[in-house]
Amino acid sequence: MTKEKELIETGWNLDNSYARLPKSFFSSLDPVAVRSPKLIILNYHLAAYLGLNVQVLQSEDGVAVLAGNRIPECALPLAQAYAGHQFGHFTMLGDGRALLIGEQITPLGERFDIQLKGSGQTPYSRQGDGRAALGPMLREYIISEAMHALGIATTRSLAVVTTGESVIRETDLPGAILTRVAASHLRVGTFQYIAKWGTAEELRILADYTLQRHFPDVEADENRYLFLLQEVIKRQAVLIAEWQLVGFIHGVMNTDNMAISGETIDYGPCAFMDDYNPATVFSSIDLQGRYAYGNQPHIAGWNLARFAETLLPLLHVNQEQAVKLAQDAVSEFTELYHCNWLSGMRAKLGIFNEEIQDESLVAGLLSMMHKYRADYTNTFRALTFDTPEDTDLFGTTEFAEWHELWQARLGRQQESKASLQQLMQYSNPALIPRNHRVEAALEAAVKQGDYSAMERLLHVLSSPYAHSPEQADYSARPAQSARPYRTFCGT
């Protein structure tokens, strides 16, 4: 099939700019064919946006592509090489169970990586089987699409197919492949790999490629590599603030899981916080709480410092000057993050303008929420609709005093009450992917082959700011349990 015919019939319009980079950046290979692929879920809206033919994707040939059994015209599958600090320890990594099949050029001219996750072993598999289990792939589908609906930059999920084969973890599990869509899969770890094992020229090539792909607005007279560093810092400051504002805990903020594009990537042991507690950790492998909710801004800054280190040879010919430029840039992250977070908190409380006391107002609320184990999402939702009796704080002297201060603060604004509530409604989701709801949906899907709970969950999560009656049941916090909720990497 010619490219023109395939574009007309299927919509695949693939380019391979990453494959034109130096060969040391990746390994070319085809996915490992699977026995009997079956389409489990397809993201119709995303497929249409990408310019893909939804009907063809659901056909036998279309599913074969999503399973890696058939390679589209002009695809050049490859596994990307990268490194990373995993829990603070540097190691060689790479796409051990994923292949980039190409970059889809959409009808609007945008470029998105199309990656098959769970498509078989690669040179970077590190003795792994290169496969993925159905549960973790469905989990990534649910959470990534929920993040997109929340308005947070994220990789997205196009489809999940089962393979007809088992993968062995603690038990035999049904195998699956996720088709992940990303602005790119360039990571801090990509730069770490080239800085460690590549040449100075290869590092420059990677930086120039990144600028062209994600930050093309650099001025000719600027220090283009300092501009790259500063722009990545800005995007991460926005992203981490957005995580914190909805109570999202990534769970494994290794440097290989920080995307240069500013998208959330890798939904392994992630989860959303119920009771507000900065020390909240869900990941079963994060025994020291390195990636706890309250530590995420600090870790982001640490990761960005590692990124800055890779760029030192490009920032300035003088090593001392290069270090100063890098340090000055990274030092801006904390303030940038804080400004984004405080602005978001003001919006969550219906505050349009700025007063110096706003920060203490926010701190007072969060302190009470922590003390009384208040539900993070539902507290802000109750404030949005002025139903303080629906909070765990109601009836306490501290909350009554805080509420009076908050009302006085709102009274010092010119905006109408309707505008205030609209701001809060657009800033406070009605619901999040509650962990118990996600687990129930996954259990029904994996153990019983029943996808109805997952479909209903995806539906209500698709409009988190609608505050519709059907979302009420999904907003309830789980029953208290003696056993803390734990998430796993799903490898």
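Residues numbered from 1 in each chain as written. Predicted model: local features only at pLDDT ≥ 70, side-chain atom pairs only at ≥ 80, totals over all residues. Heavy atoms only, no water.

(A) Geometry of the overall build of the protein chain. Across its full length, the protein chain carries 17 helices and 13 strands. A compact globule built from 491 residues would reach a C-alpha radius of gyration of about 23 Å, and the protein chain, at 23 Å, matches this within 12%. Along the first, second and third principal axes, the C-alpha atoms of the protein chain reach 70 × 60 × 45 Å. Relative to its 491 residues, the protein chain shows a buried fraction of 56%. The contacts in the protein chain between residues at least 6 apart in sequence include a share of 71% that link residues at least 24 apart. With the model as given, the accessible surface of the protein chain reaches about 21000 Å², and the carbon-plus-sulfur share is 51%. (Helix = DSSP H or I, 4+ residues; strand = E, 2+ residues; numbered from the N terminus. Rg over C-alpha atoms; globule rule 2.2 N^0.38 Å. Buried < 20%, exposed > 50% of the residue type's maximum accessible area, 1.4 Å probe, protein only. Contact = heavy atoms within 4.5 Å. Areas by Shrake-Rupley, 256 points an atom, 1.4 Å probe, with all protein chains shown as cover.)

(B) Seen up close, the pairing of strand 8 (residues 111–117). Burial analysis of strand 8 places six of its seven residues in the buried class, which makes it a mostly covered element. Between the end of strand 7 (residues 98–105) and the start of strand 8, which pair antiparallel, lie five residues, with Gly109 showing a positive phi angle near 85°. Pairing between strand 8 and strand 11 (residues 172–182): five bridges, direction antiparallel. Paired with Lys117 across the strands is Leu178, a residue of strand 11. (Pairing = 2+ DSSP bridges.)

(C) The side chain of Lys348, seen in detail. Within the secondary structure, Lys348 is located in helix 10 (residues 319–348). We note that Lys348 is buried and unpaired, the nearest opposite charge coming from Asp375 at a distance of 10 Å. Sequence-distant contacts of Lys348, defined by excluding residues within four places in its chain, comprise Leu245, Tyr376, Phe380, Met424, Ser427, Asn428 and Pro429. (Lys, Arg positive; Asp, Glu negative; His and termini not counted. Salt bridge = Lys/Arg side-chain N within 4 Å of Asp/Glu carboxyl O.)

(D) Quick look at the packing of aromatic side chains. Taken as a whole and assessed by the stated rule, the structure comprises 17 aromatic pairs. With 4.9 Å between their ring centres and 40° between their planes, Phe87 and Tyr291 make a pair best called tilted. Taken as a pair, Phe87 in the loop between strand 5 (83–86) and strand 6 (89–92) and Tyr291 in the loop between strand 13 (271–272) and helix 9 (296–315) lie far apart in primary sequence, 204 residues in all. The partly exposed category is assigned to Phe87, whose relative accessible area is 24%. Look at Trp243 and Phe248: their rings are 5.4 Å apart centre to centre, the planes differ by 70°, and that puts the pair in the edge-to-face class. On the basis of relative accessible area, Phe248 is assigned to the buried category, the value being 0%. Over the aromatic face of Phe380 sits the side chain of Lys348, whose NZ or CZ is 4.5 Å from the ring centroid. Across from the ring centre of Tyr474, 4.2 Å away, lies the NZ or CZ of Arg437, which sits over that ring. (Phe/Tyr/Trp six-rings, centres within 6.5 Å; stacked < 30°, edge-to-face > 60°. Lys NZ or Arg CZ within 6 Å of the ring centre and 35° of its normal.)

(E) The pattern of salt bridges, seen in detail. For the coordinates displayed, the defined rule picks out 26 salt bridges. In this structure, Arg111 engages Asp15 in a salt bridge whose closest nitrogen and oxygen atoms are separated by 2.8 Å. Taken together, the positions of Arg111 in strand 8 and Asp15 in strand 1 (residues 14–15) put the pair 96 residues apart, joining distant regions of the chain. With a relative accessible area of 30%, Arg111 lands in the partly exposed category. The partner of Glu145 in a salt bridge is Arg156, and the shortest N-O contact between them spans 2.6 Å. Of the two residues, Glu145 sits in helix 5 (residues 134–149) while Arg156 sits in strand 10 (residues 156–168), which places them 11 residues apart along the sequence. The buried category is assigned to Glu145, whose relative accessible area is 11%. In the salt-bridge network here, residues are joined through shared partners; they are Asp15, Arg20, Glu103, Arg111, Asp113 and Arg213.

(F) Focus on the nonpolar core. Counting 121 residues, the largest nonpolar core has Leu138 and Leu315 as the members making the most contacts within it. It is helix 8 (residues 224–246) that contributes the most residues to this core, 14 residues altogether. When near neighbours in sequence (up to four residues on either side) are disregarded, Leu315 contacts Asn223, Tyr225, Leu226, Leu229, Ala322, Leu325 and Ala326. Among the nonpolar cores identified, the runner-up in size contains 24 residues, and Leu52, Val54, Ile101 and Leu116 belong to it. (Core = buried A, V, L, I, M, F, W, Y, C linked by side-chain atoms within 4.5 Å.)

(G) Structural detail: helix 4 (residues 60–67). Counting buried residues along helix 4, six of its eight residues qualify, which places the element largely inside the surrounding structure. Of all the residues in helix 4, the buried ones are Gly62, Val63, Ala64, Val65, Leu66 and Ala67. Tucked inside the fold, the buried residues of helix 4 contact strand 3 (38–42), helix 3 (54–57), strand 8, strand 10 and strand 11. Trailing helix 4 by a residue or two, Gly68 shows a phi angle of about 85°, which is positive.

(H) Representation of the pairing of strand 5 within the structure. Sheet analysis places strand 5 next to strand 6, joined by four bridges and oriented antiparallel. Counterpart to Gln86 in the pairing with strand 6 is His89. Linkage of strand 5 to strand 6, two consecutive antiparallel strands, is achieved through a turn of two residues, within which Phe87 is found at a positive phi near 50°.

(I) Molecular detail of the packing of helix 8 against helix 10. Interaxial distance between helix 8 and helix 10 falls to 8 Å at its minimum, and their mutual angle equals 30°. With respect to helix 10, the element helix 8 is oriented roughly parallel. In terms of crossing hand, the pair formed by helix 8 and helix 10 is right-handed. Contacts from Leu226, Leu229, Gln230, Ile233, Lys234, Gln236, Ala237, Val238, Ile240, Ala241, Gln244 and Leu245 of helix 8 reach helix 10 at Leu325, Ala326, Ala329, Val330, Phe333, Leu336, Tyr337, Asn340, Trp341, Gly344, Met345 and Lys348. In terms of residue class, the contact of helix 8 with helix 10 is made up of 17 nonpolar, five polar and two charged. (Axes fitted to C-alpha atoms, helices over the stretch in contact; angles between N-to-C directions. Parallel < 35°, antiparallel > 145°, perpendicular 65-115°, else oblique. Left-handed = near helix turned anticlockwise from the far one by under 90°. Nonpolar A, V, L, I, M, F, W, Y, C, P; charged D, E, K, R; others polar.)

(J) Representation of a negative patch on the surface in the model. Side chains of Asp217, Glu219, Asp221 and Glu222 sit close together on the surface and give a patch of like negative charge. Note on placement: Asp221 falls in the loop between helix 7 (200–214) and helix 8. (Patch = residues over 30% accessible without salt bridge, like charges linked within 9 Å, V, L, I, M, F, W, Y side chains within 5 Å. Charge placed at Lys NZ, Arg CZ, Asp CG, Glu CD.)

(K) Spotlight on the environment of Leu211. For Leu211, the position within the fold is in helix 7. It is 26 Å that separates the C-alpha atoms of Leu211 and Val252, two residues lying 41 residues apart in sequence. Excluding residues within four positions of it along the chain, Leu211 makes contact with Pro216, Arg224, Tyr225, Phe227 and Leu228.

(L) Highlighting the environment of Ala237. Tracing the backbone shows Ala237 in helix 8. The class of Ala237 is buried, set by a relative accessible area of 0%. Between the alpha carbons of Ala237 and Phe248 there is a distance of 15 Å; along the sequence they are 11 residues apart. If sequence neighbours within four positions are ignored, Ala237 has contacts with Phe333, Leu336, Tyr337 and Asn340.

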